[in-house]
Amino acid sequence: MSTHVPIAIIGAGLGGLTAARVLHENGVDAAVFDLEASAGARTQGGMLDIHEESGQRALRAAGLFEDFRKIVHEGGEAMRLLGPDGTVHVEESGDVGRGRPEVDRGDLRELLLGSLPHGTVRWGRKVTGTRALDGGRHEVTFADGSSVTTDLLVGADGAWSRVRPLVSDAGPAYTGISFVETDLLEADLRHPRAAAVVGRGSLFCLGDHRALLAHRETDGSLHVYTALRTGEGWLDTIDFGDAAGAKTAVLRHFEGWDEDLRGLVADADGAPVPRLIHALPVGHRWPRVPGVTLLGDAAHLMSPFAGEGANLAMLDGAELALAIAAHPGDTEAALSAYEKDLFPRAKASAAASAAGLENMFGEHALERMTEFFTAGPGAA
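Enquirer: What exactly am I supposed to notice about the pattern of salt bridges here?
Expert: Think of it this way: side chains of opposite charge can pair up when their charged atoms draw near. Counted by the stated rule, this structure contains 18 salt bridges. Of the charged contacts, one joins Asp67 and Lys70 as a salt bridge, the two residues approaching to 3.6 Å between their closest N and O atoms. Taken together, the residues Asp67 and Lys70, both in helix α3 (residues 65–70) and three residues apart, mark about one turn of the helix. Look at Lys70 and you get exposed, because its relative accessible area is 67%. In this structure, Arg193 engages Asp260 in a salt bridge whose closest nitrogen and oxygen atoms are separated by 2.5 Å.

Enquirer: I'm lost on the side chain of Ser303 in this one. Help?
Expert: Of note, Ser303 is situated in the loop between α9 (297–300) and α10 (309–326). By relative accessible area, Ser303 is classed as buried at 5%. In this structure the side chain of Ser303 is engaged in a polar contact, spanning 3.3 Å, whose partner is the backbone oxygen of Ser353. The contact partners of Ser303, leaving out residues within four places of it in the chain, are Ile277, His278, Ala279, Ser353, Ala354 and Leu357.

Enquirer: What exactly am I supposed to notice about the packing of aromatic side chains here?
Expert: Working definition: an aromatic ring pair is given by the centre-to-centre distance plus the angle between the planes. Applying the stated criterion across every chain, the model contains nine aromatic pairs. Relative to Phe373, the ring of Phe372 has its centre 5.3 Å away and its plane inclined at 70°; by these criteria the two rings are edge-to-face. You can call Phe372 partly exposed: its relative accessible area is 34%. Three or more aromatic residues joined by ring pairs make a cluster, and in this case those are Phe179, Tyr225, Phe305 and Phe361. Positioned above the aromatic ring of Phe65 is the side chain of Arg60, whose terminal nitrogen or guanidinium carbon lies 3.7 Å from the ring centre. Taking NZ or CZ as reference, Arg125 lies 5.4 Å from the ring centre of Phe142, over its face.

Enquirer: What's the story with the packing of helix α1 (residues 14–25) against helix α4 (residues 105–114) in this structure? I'm lost.
Expert: Each pair of packed helices gets described by two things: the angle between the helix axes and the distance between those axes. It is the contact of α1 with α4, at a shortest axis distance of 9 Å, that shows an interaxial angle of 25°. Considered as vectors, α1 and α4 are oriented roughly parallel to each other. Of the two possible hands of crossing, α1 and α4 adopt the one that is left-handed. Of α4, the residues touching α1 (which contributes Leu14, Leu17 and Thr18) are Arg105, Leu108, Arg109, Leu112 and Leu113.

Enquirer: Where do I start with the sheet that holds strand β11 (residues 173–184) in this structure?
Expert: Note on sheets: strands pair through backbone hydrogen bonds, and any given pair is parallel or antiparallel. Reading across from one edge, β5-β4-β12-β13-β14-β11-β15 is the order of the seven strands in this open sheet, with mixed pairing throughout. The open sheet terminates on both sides in strands that have one partner only, identified here as β5 (88–92) and β15 (269–279). Between one strand axis and the next, the sheet turns through 15° on average, direction left out of account. In this sheet, strand β14 (residues 222–229) lies alongside strand β13 (residues 210–216) in antiparallel orientation, the contact comprising seven bridges. Its bridge partner being in β14, Leu213 is matched across the sheet by Tyr225. Most of the contacts of helix α11 (residues 331–361) go to β14, to which it runs at about 85°, and overall it touches β11, β12 (202–207), β13 and β14.

Basis of the calculations
- Residues numbered from 1 in each chain as written.
- Predicted model: local features only at pLDDT ≥ 70, side-chain atom pairs only at ≥ 80, totals over all residues.
- Heavy atoms only, no water.
- Salt bridge = Lys/Arg side-chain N within 4 Å of Asp/Glu carboxyl O.
- Helix = DSSP H or I, 4+ residues; strand = E, 2+ residues; numbered from the N terminus.
- Buried < 20%, exposed > 50% of the residue type's maximum accessible area, 1.4 Å probe, protein only.
- Polar contact = N/O pair within 3.5 Å; in protein donor to acceptor, adjacent residues only side chain to side chain.
- Contact = heavy atoms within 4.5 Å.
- Phe/Tyr/Trp six-rings, centres within 6.5 Å; stacked < 30°, edge-to-face > 60°.
- Lys NZ or Arg CZ within 6 Å of the ring centre and 35° of its normal.
- Axes fitted to C-alpha atoms, helices over the stretch in contact; angles between N-to-C directions.
- Parallel < 35°, antiparallel > 145°, perpendicular 65-115°, else oblique.
- Left-handed = near helix turned anticlockwise from the far one by under 90°.
- Pairing = 2+ DSSP bridges.

Next up, the structure:
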C-alpha cells in the first residue's frame, strides 16, 4: 500500500533529523524514513567536535543550542599529539576551547529525536528502490513491501545512498586509508596506562603513513582508531572473528612503537572492527533534478580528517529546511537556493578533508601536524 507525504527525508542521521527539526520549527511537516528497527537498534558511539560556523549554527536554527550546551563533554577539547616513541609534541588542556566543544554522537541524536513530534520518524523502512513520477514527484519503495510518494525527496541516507542515483552517477571510492576500531572500557579503573596516554580528550599519534587515534567518551571508555595507508584488500587478510589474532595482525604494523601506545590495541576489550574509509570526488555536484536533493554524506562523503562530516550534514539539513520555509509553494526555487550554497561549501570542506588526510598520512606527518596545532587560535 502506498501513502503520500509532502516531504520525505530518507535517513534518520544527524542531517536528516536536523532538517526535520528546522522544518518543524518553521511550521512545515516532514516524514523521516530509516532502515533501523528503532531509535535504539544500535549504539551510535563516537565523539563529535561541533563547529561554531556549521554544527552550532544548525543547532541554533533548530532552537536547540541551549539544550546542546547541557550535553557538552566538559574538557573534551583536550588534545595530545605524540610521536611513535611516546614523546609528547603538543598538549592542550581543553580548558580554553577552540570553539568546537565535544559531544557524544548518541546524545546529540537523542536530542534531535526528542525534539520531533511523535511519529515523525518511521522506523524499519529500508529503501529498496526510488523512481521519478510526473511533476517532480517521486516514489520510494521499502523492503517491508510498503511505499510512499512524495513531492520532495531528500536523500540523507549516507555514503551508500539509494537516493543519490536519481541525481548523480558518482559513488564513493576508497581513500587509501583503512581503520581498525577498538574500545577500552572503564579506562581509568581497568586500563590506567591507556587512560593516561590518551588524556582527557583526544590523542593523535602519527608516523610512517600510519596513526593511532583515540578519544575519551562520556562513559569513561576509550575509543581507538588504528589507521594505515594501505591497499584496499589489507583488511581482508585478517580474520576479525579471532580477536586476539586480529590484534596481533594489526600490531605487526606498529613494531617499535611505544608499548603504552601499542596497548591501545593489545589490551582492548572485545573484537576489533574493520572499516575502509571512502569519499566522493571533491566538488561532487549534480544538475537540478525536480523534486529531489541530497544532504550530508549522500551529497559529499569525505574522509574524517577535517572533522567536517557531521557538522556539514547538520548545516545542510538546517539550510535546506530554511530554504523550503523561505519559498512556500515553490520547491524548485528552494532547492536551487539550497544547492547554490551547498556545492561550494561542500567542495571547500572536502578539499580540506583530503588535505588533512595527506597531512596525517604523508611524509613528515608529525612535523606537519605539530605546526598545524601550534599555529595559533583558530588554526584547528
